Amino acid sequence: MEIHAETVLYRSSWTAHADNGHVLLLAKDGERWLATDERGAGILQTIDGQRTLEQLVHSYAGSARQPFARAWLHVDTITRDALRSGMVATEPGPDGEALGEDALVARAGALLQSVNGDGRPNQRSGFNAPVALASHALQAEIEAEQPAEVDHGDVQEFYGNAAEEPQAELCCPVQPAPADLSHIPSEVVERFYGCGSPVGLADIRPGEATLDLGSGAGIDVFIAARYVGPQGRAVGVDMTPAMLAVAQGARPKVAERLGYDVAEFHKGYLEKIPLPDKCIDLVTSNCVINLAPDKRPVFAEMWRVLRDCGRAVVSDIVAEKPVPLAMRRNKRLWGECISGALTEEALAAYMERAGFYGLQVLRRTFWREVEGQRFFSVTVRGYKFEKQAGCTYLGQTATYQGPFKATVDEEGHFFPRGVAVEVCTDTAAKLRAEPFEGSFVIAEPAVDTPPDFSCCAPKNETPGGCC
Ligand SMILES: C[S@@+](CC[C@H](N)C(=O)[O-])C[C@H]1O[C@@H](n2cnc3c(N)ncnc32)[C@H](O)[C@@H]1O
């Protein structure tokens, strides 16, 4: 969505209704609606077709008494959601015919009920920018992502066949490094249907516990098994029995070649991972999330099984623009990892709202053009940090070291280079750890050593030991 500081924003006429902790904004034409919180609604109400995004941020910063960086984060996030839903536009547009208000409220209320989950961002992560909790556009997306013709059973059948008989035409925008494959049997390598090498980009340390979601014939689990070493653990989860059978069959050969057996495979769904909370240091997935009909529970589950300061490295296909409905209903294209693809912006939004921070695109490669739409393979990394102490200020400061003149984190903290900014205990712990480690100097108060809220083992220590 092309918006920048100078963009002037327009909005439809709407009415606002407070409803059980949400504010429902109902466009007068009855076609569009969006649910957000009071801050989100307040920001959207100030859009007037006159002021630029930057001017809106200044005005919100003043009225909400927020520092500019956090105000920018809030206005930018909710404005992009509203743009995606068509409640806000970058061009003036005609208002449709007005429906009766009671009819509007009943219609939007019923739709809101039917939206899966409440859509709130994960508050334990500290990310709490006002966002669209639900809207007619999200509803349409969910409905379109769950067309009657495509469900788990179809994907299972598709990849059951691809496990029985390798299908070279399904492969692959990016190949794993040949050096990573020397211990892996050919029946596994022939059934590689990934679109990146998340394990190769994950900087795995010996002793870590890794989990590959939608592990297929097991290629990324076996690559990880070598990096984690005999003290580690490399887990794979997949729902397709024929894929699991190939992986289980190859496991003794891999163990023999490595001299130890740390790979394990479980039957299960990405949406309900069969593992306890906080037992994994690294979650990977390779061309799988696009296949899930409902993406939200997948990211929530990733966050749940990760230990604090653990990381997710996800390779997936993304679409340049939202995939049109007709294409989403194409079963074959769904199985080929095309129809269910998110845009890169939506992928990042899903990760952020699940609580991941420090997001970084590690690799992007062009994959295919289908019906005039361009598709890319991307690998994105994000970290988990669970807030422990809330906003407790003990006099700690964080000084950003550069190379940029200033930087802003996901919570809207603004750090000019070389300036000591007071931070809470949680933010201090977060900035000490990956991926920010080394970019900030954290100074402790002169007196009273603060309690250690950090759960992150420094890089060279055995991971996963705390919390
Ligand atoms: C495109 S293949 C990729 C396999 C493997 N990651 C690789 O790189 O070769 C997708 C795999 O994800 C599995 N899968 C798709 N959706 C799933 C879900 N909701 N839960 C569990 N497994 C799923 C399929 O069974 C299939 O093995």
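Throughout this document, residue positions are counted from 1 along each chain, in the order its sequence is written. Given that the model is predicted, a residue must reach a pLDDT of at least 70 before its local features are reported, and side-chain atom pairs must reach 80 or more before they are shown or counted; all residues, however, enter totals for whole chains, interfaces and linings.

Strands are runs of DSSP state E lasting at least two residues, helices are runs of H or I lasting at least four, and both sets are numbered from the N terminus onward. A tally of regular secondary structure across the protein gives 14 helices and 19 strands. The long-range share in the protein, meaning contacts at least 24 apart out of those at least 6 apart in sequence, stands at 72%. By the criterion used throughout, residues are in contact when their C-beta atoms, derived from the backbone, lie within 7 Å.

We now examine the site of the ligand. In the vicinity of the ligand there are 24 residues, among which Gly-194, Gly-214, Gly-216, Met-239 and Thr-240 approach most closely. The set of elements that each furnish at least two residues to the shell around the ligand consists of helix H6 (152–164) and helix H8 (219–228). Of all the elements, H6 adds the most residues to the shell around the ligand, at three residues. Any residue whose C-beta atom, as set from the backbone, lies within 6 Å of a molecule or strand is reported as near that molecule or strand.

For the rest of this paragraph, the subject is H6. The span one expects for a helix is its residue count, reduced by one, times 1.5 Å. For H6, with 13 residues, the first-to-last C-alpha span of 18 Å sits near the 18 Å given by 1.5 Å per residue. All buried positions along H6 are accounted for by Val-155, Phe-158, Tyr-159, Ala-162 and Ala-163. Around the axis of H6, the buried residues are gathered within 140° of arc, so they sit on the same side. In the core, the buried residues of H6 are packed alongside helix H9 (241–258) and helix H12 (331–335). Burial is judged by counting the other C-beta atoms within 10 Å of a residue's own C-beta: 20 or more makes it buried, 12 or fewer makes it exposed, and any count in between marks it as partly exposed, with every C-beta position built from the backbone. The reported arc concerns the directions from the helix axis to the C-beta atoms and nothing else.

Here the focus is helix H1 (residues 38–45). Within H1 the residues assigned to the buried category are Gly-40, Ala-41, Ile-43 and Leu-44. Projected down its long axis, H1 shows its buried positions confined to an angular sector of 160°, all on one face.

Bringing the pairing of strand E15 (residues 397–400) into the picture now. Residues Ala-398 and Tyr-400 point to one face of E15 and are all buried, whereas Thr-397 and Thr-399, pointing to the other face, are not buried. DSSP calls a pair of strands paired once it identifies at least 2 bridges connecting them. In this sheet, strand E18 (residues 420–422) lies alongside E15 in antiparallel orientation, the contact comprising three bridges. Bridging from a neighbouring strand, Thr-399 pairs with Ala-420 of E18. Taken together, the four bridges between E15 and strand E19 (residues 440–443) define a ladder with antiparallel strand orientation. Note that in E19 the partner of Ala-398 across the bridge is Ile-442.

Assignment of secondary structure puts Ile-184 in the loop between H6 and helix H7 (186–189). For the pair Ile-184 and Lys-253, spaced 69 residues apart in sequence, the C-alpha separation works out to 7.9 Å. Contacts of Ile-184, omitting those with residues within four sequence positions, involve Val-189, Ile-219, Phe-222 and Val-254.

It is the contact of helix H10 (residues 296–305) with helix H13 (residues 344–354), at a shortest axis distance of 9 Å, that shows an interaxial angle of 45°. As summarised for this structure, H10 and H13 are arranged oblique, according to the angle between their axes. The interaxial crossing formed by H10 with H13 has right-handed handedness. In this structure, H10 uses Arg-296, Phe-299, Ala-300, Met-302 and Trp-303 to contact H13, whose residues at the interface are Tyr-350, Met-351 and Ala-354. Its residues assigned to classes, the contact of H10 with H13 comprises seven nonpolar, no polar and one charged. For helices, the axis comes from a line fit to the C-alpha atoms of the stretch in contact; other axes are also lines fit to C-alpha atoms, and the angle between any two N-to-C directions lies between 0 and 180 degrees. Note on angle classes: values under 35 degrees are labelled roughly parallel, values over 145 roughly antiparallel, values of 65 to 115 roughly perpendicular, and the remainder oblique. Crossing handedness is defined as follows: a turn of the near helix away from the far one that is anticlockwise and smaller than a right angle gives a left-handed crossing, while the clockwise case is right-handed. Residue classes follow a fixed rule: Ala, Val, Leu, Ile, Met, Phe, Trp, Tyr, Cys and Pro count as nonpolar, while Asp, Glu, Lys and Arg count as charged, and any other residue, Gly among them, counts as polar.

What follows covers the confidence of the model for the protein. Mean pLDDT over the protein: 86, with 86% of residues reaching 70 or higher. This stretch, residues 457–467, has a pLDDT under 50; its non-local contacts, to residues over four places away or in other chains, come to 17 contacts. pLDDT is a per-residue confidence score from the predictor, ranging from 0 to 100.

Remark: H8 packs on H9, axes separated minimally by 11 Å, with the N-to-C direction vectors making an angle of 25°. Judged on the interaxial angle alone, H9 and H8 are roughly parallel. In this structure, the crossing between H8 and H9 has a hand that is right-handed. Contact residues: H8 offers Val-221, Phe-222, Ala-225 and Arg-226, while H9 offers Ala-247, Val-254 and Leu-258. The residue inventory of the contact of H8 with H9, partitioned by class, reads six nonpolar, no polar and one charged.

Another point: the pairing of strand E2 (residues 14–19). Side-chain direction in a regular strand flips from residue to residue, so the side chains alternate between the two faces of the sheet. Two strands pair when backbone bridges link them, and E2 and strand E3 (residues 22–27) are joined in this way by six bridges, in the antiparallel orientation. Within the sheet, the bridge partner assigned to Asp-19 lies in E3 and is His-22. Taking the residues between adjacent antiparallel strands as the criterion, E2 and E3 are bridged by two residues, where Asn-20 takes a positive phi near 55°.

On to the environment of Tyr-10, then. With respect to the helices, strands and loops of the structure, Tyr-10 is situated in strand E1 (residues 10–11). Taking the C-alpha atoms as reference, Tyr-10 lies 5.7 Å from Pro-92; in sequence the two are 82 residues apart. Beyond its immediate stretch of four places on either side in the chain, Tyr-10 contacts Ile-47, Gly-49, Val-88, Ala-89, Glu-91, Pro-92 and Gly-93.

This brings us to the nonpolar core. What tends to happen in soluble globular proteins is that the nonpolar side chains get buried as a cluster. Formed by 75 residues in total, the largest nonpolar core has its most connected members in Phe-222, Ala-225, Val-283, Met-302, Ile-317 and Ala-341. Here the element with the most residues in this core is strand E11 (residues 306–319); it accounts for eight residues. Apart from the residues within four sequence positions on either side, Ile-317 is in contact with Cys-195, Cys-287, Asn-290, Cys-337, Ile-338, Ala-341, Trp-367, Phe-375 and Ser-377. Of all hydrophobic cores here, the second largest spans 32 residues; its members include Leu-34, Leu-73, Ala-129 and Ala-132. Defined on buried residues, the nonpolar core groups Ala, Val, Leu, Ile, Met, Phe, Trp, Tyr and Cys residues joined through C-beta atoms within 7 Å.

Backbone torsion omega between Gly-402 and Pro-403 reads 20°, so that peptide bond is classified as cis. As for its placement among the helices and strands, Pro-403 is situated in the loop between E15 and strand E16 (406–408). In the segment running from Glu-434 into Pro-435, the intervening peptide bond is cis, with an omega of 0°. Positive phi is not limited to glycine here, since Cys-337 has a value of about 70°. Along the polypeptide, Cys-337 turns up in the loop between H12 and strand E12 (342–343).

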